[in-house]
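If you want the building blocks of each chain, they are given just below.
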Amino acid sequence: MSERKNINKYQKIEKQYKKKLRSRLGGGKKNLVRFMLPFDIRCDDCLIVLNQGKKLNGLKERVLTEEYLGIKLFRFYFKCPNCTGSFSLRTDPKNSCYFPEINCKKIIT
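First, a word on what this report is: a plain description of the structure on this page. (Residues numbered from 1 in each chain as written. Predicted model: local features only at pLDDT ≥ 70, side-chain atom pairs only at ≥ 80, totals over all residues. Heavy atoms only, no water.)

Now for the overall build of the protein chain. Regarding its fold elements, the protein chain presents 2 helices and 8 strands. For the protein chain, the succession of helices and strands along the chain, N to C, is α-α-β-β-β-β-β-β-β-β. At a minimum sequence separation of 6, the contacts of the protein chain that also span at least 24 residues come to 38%. Per element, the accessible surface of the protein chain, about 8,400 Å² overall, is 50% carbon and sulfur. (Helix = DSSP H or I, 4+ residues; strand = E, 2+ residues; numbered from the N terminus. Contact = heavy atoms within 4.5 Å. Areas by Shrake-Rupley, 256 points an atom, 1.4 Å probe, with all protein chains shown as cover.)

Encoded structure:
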């Protein structure tokens, strides 16, 4: 009876997922983040509108080639929940906002 208990040890799913994620991301250079959209965005692939406040999982990456007055710039990569196409946002400390970069457009209302 005790032999069965020793063999079947439970390992948390989060721990297994983090190990796989670290190996996929190449040593932790990119961070997994939960991000809330700061403004309305339209996906260029499927033309769906993602409203302000929509929470998305994404990757955070530091932009190594640019800096603004010693402030680090970051880029966030997301997947569209409708078509699974990817899009990205970049921080813009000069105007204190975010700048849509790849596959998305900011909707001004």
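Attention shifts here to the sheet that holds strand β3 (residues 49-50). Taken in spatial order, the 3 strands make up an open sheet running β3-β2-β8, and their pairing is antiparallel. With one partner strand each, in any of the chains shown, β3 and β8 (104-106) form the two edges of the open sheet. (Pairing = 2+ DSSP bridges.)

Where strand β4 (residues 55-68) and strand β5 (residues 71-79) come together, 8 bridges link them in antiparallel fashion. Paired with R62 across the bridge in β5 is F74. Once β4 ends, the chain turns through 2 residues before running back antiparallel as β5, passing L69 with a positive phi of about 50°. The sheet contact formed by β5 and strand β6 (residues 86-92) spans 5 bridges and is antiparallel. Its bridge partner lying in β6, K79 is registered against S86.

For the structure shown, the criterion picks out 6 salt bridges. The partner of R42 in a salt bridge is D44, and the shortest N-O contact between them spans 3.8 Å. Classification of R42 as partly exposed rests on a relative accessible area of 30%. Two residues, E101 and R75, come together in a salt bridge whose shortest N-O distance is 2.6 Å. (Salt bridge = Lys/Arg side-chain N within 4 Å of Asp/Glu carboxyl O. Buried < 20%, exposed > 50% of the residue type's maximum accessible area, 1.4 Å probe, protein only.)

Glancing now at the pairing of β6. Among the 7 residues that make up β6, 6 are buried, leaving the element largely enclosed by the rest of the structure. Linkage of β5 to β6, two consecutive antiparallel strands, is achieved through a turn of 6 residues, within which T84 is found at a positive phi near 60°. Alignment of β6 against strand β7 (residues 97-100), held across 4 bridges, turns out to be antiparallel. Across the sheet, T91 pairs through a bridge with Y98, a residue of β7. Here β6 folds back onto β7 in antiparallel fashion, the turn holding 4 residues, of which S96 has a positive phi close to 50°.

Further remarks concern the layout of surface pockets. Any empty space left between the atoms is revealed when a probe the size of a water molecule rolls over them. Counted as a void, the largest pocket has a volume near 240 Å³. Lining the largest pocket are L32, L56, N57, G58, L59, Y77, F78, K79, C80, P81, T84 and S86. Of all the secondary-structure elements, those providing two or more residues to the lining of the largest pocket are β4 and β5. Looking at the lining of the largest pocket, the element that brings in the most residues is β4, giving 4 residues. In terms of residue class, the lining of the largest pocket is built from 7 nonpolar, 4 polar and 1 charged. (1 Å grid on protein atoms, 1.4 Å probe; cavity = no way out; pocket = protein on both sides within 12 Å on 5 of 7 lines; lining within 4 Å. Points joined across faces, edges and corners; volume = space filled by probe spheres on them. Nonpolar A, V, L, I, M, F, W, Y, C, P; charged D, E, K, R; others polar.)

These results come straight from atomic positions and should not be treated as a statement about function.
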